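Here are the chains, one letter per residue:
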Amino acid sequence: MAPAYPKDLVLRLFRSMYLIRRFEERAAQAYGQGKINGFCHLYIGQEAVAVGVNEAVQPRDYIITAYRDHGYALARGADVGMVMAELFGRGTGYSKGKGGSMHIYDIEHNVLGGYGIVGGQIPLAAGTAFAARYRNEDRITVCYFGDAAANQGSFHETLNMAAKWSLPVIFLCENNRYGMGTAMTRVSAVAKVARRAVAYDMRGESVDGHDVLKVYETVRDCAAWCRSGKGPVLLEADTYRYRGHSMSDAATYRSKEEVEAERKGDPIPRLRAWAVSAQVATEADFDGIDAEVKATVDEAVKFADASPEPSVEELWTDHFVEPGERDVPPRERVRGVKVDWPTYPSGQELRVSWELEPRTLVQVGEPHLKKPA
Amino acid sequence: MAEIAWREALNQALAEEMERDANVFLMGEEVARYDGAYKVSQGLLAKFGSARVVDTPISELGFAGLGVGAAMVGLRPVIEMMTWNFAVLAMDQIVHNAAKVRQMSGGQLRCPIVFRGPNGAGGRLAAQHSQSLEANYAHFPGLKVVAPSTPADAKGLLKASIRDDNPVVFLEAELLYGVKGDVPQGELVLPLGPASLKREGSDCTLITWSRMYYHAEEAARQLEAEGIHVDLLDLRTLKPLDEAAILASVRKTNRAVIVEEGWSFCGVGAQLVDLIQSQAFDALDAPVQRVTGLDVNRSYAAVLEHAAEVNPARIVAAVKHVLYREEG
């Protein structure tokens, strides 16, 4: 691992990864108790990716994800109890219990949602990046997807447009090697997703997705690339999920030996062991974080469990925006606090200076460009 | 008042809304340098530049989704589908993302986007280019569906659709782009929802939308010559649906004929029949009749194509049927 990381950074990364791990373990427990239902996809094993990315980008940057999505919101600082309440299907959840595990949105933190159709979120990321360029904002989009989504048409259609129009997107493929129960290598002509960048003349990178510091370094570099106007990056994080695809998957398509071997690279003990041996932090530091995170997640479970179900009238809300309707930030609705909510310039204030194609190309053939006789 | 063609009415609506609101942009295949496959976007590139009038690759799913993403963070995209047949490729983005993002986020996001383009037959275009697909979109909660008939309605409803804070499926008709009509000068914004009673009569209610309005109007003229007077109700917007206007007219005439270009099975007309029978059963003097495209794939051969289509004669016959005035 790379040298000289300050203690507060290392402990922050550790805390965030452990928060996600602990949250997912308690979610699994609640699922077993019947308190969480439906599809529930755990992020256990992949925490270093969401946490490394979050450290490397700015709060104003957009995050958009697939359905294995609890961890990204937690890494961004979402209210832990309200994420758990969403999984419990309670009215105090981020989406009032309407979305559940697969659809976590925290717009206050620019987490633009978890999407349940494989690859369906990828074009959306081109749209948020398009909007950023359109408004001339210094804002990138990180688009997470799994290895299997790289075989969807939406992946190819979007990478083509994003590259052609230099859209500031990090397309972040979390390659955990299995699309549900099918190994990526069994169904892909090119299973190394980063290699596909060359097809769109785009920068392609790979990173060890179990090393949070390497993820942080790599994404920081990719983010700078996007911000400087050089276009998108396809970044592949090699990772592994220690649990099944979802709670209903016993994962019999993988050998015990394979899972055991992968567990040796567990990003959380790995960071801790390195930090202690490099004398960046002490066991006592980590023990303190362990206890604090456990208490936080216990509190979140209690909050979710004690929260009321949504009222049946909620069935009919949130389908159409009515004239003059205001979007109510979830933490304001649930916790009664004031929050910073994203706002955008009105169509009367906005000046669009971006040209998507060079002026000369656009104006070819237009009469006023004809050379005087 | 000026008499202009459909395509010009749409062009005015787009230009005026883009002038008024810099968040509005137009994206689609051939919309910019080609001036639009049907010339709806003529001159807009020169006026608004290449970031606001965007030629896309042939990637309907991709650019539809790009539009949805841009709408989620405050822009107001108008996504042109060269035809609604091609939009079948983009249906995932329209029905899974645009239609659901507000509900899935519990009201945190909004999606002000218009998907627009020609729907229905174009004339001798065979099975893949002749479909009327409004029933598919009307089926999904979370979408508004607009299908106007006249240039004035098209202009006023497109402007309202662009200003709406929700996803709107705006269905034009390939065979209407050259059709002319009077369009009032100056600002024209029509609310999404209210139907338009294009003709008044007390014998029967004719309910239709989009291009079929013209067949219904022709049928109404022929019927008038025989002393039969119809209420001709042009729905203009399929969702939200003007249920009150439909029921009021049926309660007045006690008879209804629904005219729909698309297929009968699970068509929009089936929904209208359900509305009428469940809400106005006691007012009916005859079973509601439907005149629709036949439930077959469209053929290229002229005789086969025409045999599958709605025409004024079939509408006239249906109205006489509900009036029990059939000949022979």
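Before reading on, note that the structure itself is shown above.
Structural notes, computed from the coordinates. (Residues numbered from 1 in each chain as written. Chains lettered and ligands numbered in written order. Predicted model: local features only at pLDDT ≥ 70, side-chain atom pairs only at ≥ 80, totals over all residues.)

Details of the overall build of chain A
- A tally of helices and strands in chain A yields 13 helices and 8 strands.
- For 373 residues, the compact-globule formula gives about 21 Å, and the C-alpha radius of gyration of chain A, at 22 Å, lands near that figure.
- Oriented by its inertia axes, the alpha-carbon framework of chain A measures out at about 80 × 50 × 40 Å.
- For chain A, buried positions account for 50% of its 373 residues.
- Sequence-distant contacts in chain A: of pairs separated by 6 or more residues, those separated by 24 or more amount to 76%. (Helix = DSSP H or I, 4+ residues; strand = E, 2+ residues; numbered from the N terminus. Rg over C-alpha atoms; globule rule 2.2 N^0.38 Å. Buried ≥ 20, exposed ≤ 12 C-beta atoms within 10 Å, placed from the backbone. Contact = placed C-beta atoms within 7 Å.)

Some words on the sheet that holds strand β7 (residues 168-173) of chain B
Residue and element names in this part refer to chain B.
- A sheet is described by the order of its strands in space; here 7 strands give the open sequence β3-β2-β4-β5-β7-β6-β12, paired in mixed fashion. The outermost strands of the open sheet, each flanked by one partner alone, are β3 (53-55) and β12 (237-239). Each adjacent strand pair in this sheet contributes to an overall mean axis angle of 20 degrees, direction not counted.
- Inspection of the sheet shows strand β2 (residues 24-28) paired to β3 by 3 bridges, in the parallel sense. Paired with M27 across the two strands is V54, which belongs to β3.
- The strands that helix α3 (residues 60-72) touches are β2, β4 (76-80) and β5 (114-119); relative to β4, the one it contacts most, it runs at about 165 degrees. (Pairing = 2+ DSSP bridges. Axes fitted to C-alpha atoms, helices over the stretch in contact; angles between N-to-C directions.)

Side note on the interface of chain B and chain A
- Each side of the interface is counted separately: chain B has 45 residues, and chain A has 47 residues.
- Contributions of two or more residues to the side of chain B that touches chain A are made by α2 (44-48), α3, α4 (91-98) and α5 (101-104) of chain B.
- Looking at which element gives the most residues to the side of chain B that touches chain A, the answer is α3(B), with 10 residues.

Observations regarding helix α1 (residues 6-20) of chain B
All names here are of chain B.
- Counted at 1.5 Å a residue, the expected span for α1 with its 15 residues is 21 Å, and the 21 Å between its end C-alpha atoms agrees.
- Burial of α1 is extensive: 11 of the 15 residues sit out of reach of the surface.
- Regarding α1, the residues found buried are W6, R7, E8, A9, L10, N11, Q12, A13, L14, E17 and M18.
- On its buried face, α1 sits against β1 (2-5), β2, α2, β4, α7 (151-163) and β8 (180-183). (Expected span 1.5 Å × (residues − 1).)

A word on α3(B)
All names here are of chain B.
- Taking 1.5 Å per residue as the helical rise, α3 with its 13 residues ought to reach 18 Å, and the 18 Å between its terminal C-alpha atoms agrees with that figure.
- Counting buried positions along α3 gives 13 out of 13 residues, so the element sits mostly inside the fold.
- Looking one or two residues past α3, G74 carries a phi angle of roughly 105 degrees, positive in sign.

Side note on the sheet that holds strand β13 (residues 256-263) of chain B
Residues and elements named next belong to chain B.
- Taken in spatial order, the 5 strands make up an open sheet running β9-β11-β10-β13-β14, and their pairing is mixed. Single-partner strands in this sheet number two, and they are β9 (196-199) and β14 (289-293). Ignoring which end each strand starts from, the neighbouring axes of this sheet average 25 degrees apart.
- Sheet topology note: the β9/strand β11 (residues 230-234) ladder contains 3 bridges and is antiparallel. Along β11, the bridge assignment pairs R199 with L232.
- Running at roughly 170 degrees to β11, helix α8 (residues 212-225) makes contact with β9, β10 (204-208), β11 and β13 of the sheet.

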